[in-house]
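Structural features, examined
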Amino acid sequence: MSFNDQVIEEFRQGKGGTLEGWKLILLTTTGAKTGERRTNPLAYLEIDDKTVVVASNMGAPAHPGWYHNIRRDHRVTIETETETYEAIASIPPAAERDALFAKVVAEEPGFAEYQAKTTRELPVVILHRIDDRVRGMGDFLVEVHKWLREELKSLRAGVEDIVAGRADALVMEKSLKAHCVSFCEALTKHHTGEDMGAFPILAQRFPALAPALTKLGEDHVVVAATQERIRDLVEGYVHGESDPARLRDEFDALASKLEAHFAYEERSVVAALNVTMTG
């Protein structure tokens, strides 16, 4: 049995919540190369109501394996002496990292000794408990998606009324154009805000999200192109130059793209957004 295995076994048997004066937790990550679950005993601190660990590797030249793992998959499991819970690991940007490390050293000077042993900067990692009771920016994102879905559904129903001859043409023309403009502006603003604000923050704090964020950004480009076709068709319809059936087909294509996009985004980033925007 390795030393780590012995510490883990004693911890789980309730025989060791500390090691040489350091308070311990067990951190379970998913192996970046193997995909297998890996558990490590780690010293931790509670700073500004955050659970903080340092990828010190006792001052070795290379980062510890668990740090590479969280850069690939930020979902982790934490075991304390009293409970086990799911969390996500975030990497704070440089200024925040430096401020946190100063507080770490103030509480545990041993980390300064580890830093002195190596030329690499010791990463500081924040472990955010995933708590369904906490509502944050991720939950707001879901609400925005719900509103956009309803708006698109309403627009699509209006186009169907035109195609079926159930609506007064002049009234529907003006209503359709105004509704379409407001919807497209709202959707564009939403996606631009993500591209310029939320996604860069997530990419910095959660490197594991890089592939998902790239895909979401690519989706935004595809959606924008569909929106542009719809705007042209709506304008053409108002001037008697567009086939309403083609307009309906474009709305169906947009609805399909957006539903897939929203569902993927909600699976990928809601938890990370919640903890990022709530502290």
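Residues numbered from 1 in each chain as written. Predicted model: local features only at pLDDT ≥ 70, side-chain atom pairs only at ≥ 80, totals over all residues. Heavy atoms only, no water.

We now examine the environment of G59. Structurally, the position occupied by G59 is in the loop between β5 (50-54) and α2 (65-72). Taking the C-alpha atoms as reference, G59 lies 8.7 Å from R120; in sequence the two are 61 residues apart. In contact with G59, not counting residues within four places along its chain, are Y114, K117 and T118. (Helix = DSSP H or I, 4+ residues; strand = E, 2+ residues; numbered from the N terminus. Contact = heavy atoms within 4.5 Å.)

Let us now look at the environment of T188. Summarising the element assignment, T188 is placed in helix α6 (residues 169-205). A relative accessible area of 36% places T188 in the partly exposed class. In this structure the C-alpha to C-alpha distance between T188 and I230, which are 42 residues apart in sequence, comes to 13 Å. (Buried < 20%, exposed > 50% of the residue type's maximum accessible area, 1.4 Å probe, protein only.)

Moving on, we come to the packing of aromatic side chains. Applying the stated criterion to the full structure yields 4 aromatic pairs. Ring geometry for W22 versus Y114: centroids 6.3 Å apart, planes at 15°, classification stacked. Residue W22 is located in strand β2 (residues 22-30), and its partner Y114 is located in helix α4 (residues 110-116); the two are separated by 92 residues in the primary sequence. Considered together, W22 and Y114 belong to a single accessibility category, that of buried residues. Each ring, one from F111 and one from Y114, has its centre 6.1 Å from the other, and the planes form 75°; the classification is edge-to-face. Residue F111 and its partner Y114 are located together in helix α4, separated by 3 residues, close to a single helical turn. When its relative accessible area of 17% is taken as the criterion, Y114 is described as buried. Among the aromatic residues, those joined into a ring-pair cluster are W22, F111 and Y114. Over the ring of F101 we find R97, and its NZ or CZ is 4.5 Å from the ring centre. Between the NZ or CZ atom of K215 and the centre of the ring of Y264, over which it lies, the distance is 4.6 Å. (Phe/Tyr/Trp six-rings, centres within 6.5 Å; stacked < 30°, edge-to-face > 60°. Lys NZ or Arg CZ within 6 Å of the ring centre and 35° of its normal.)

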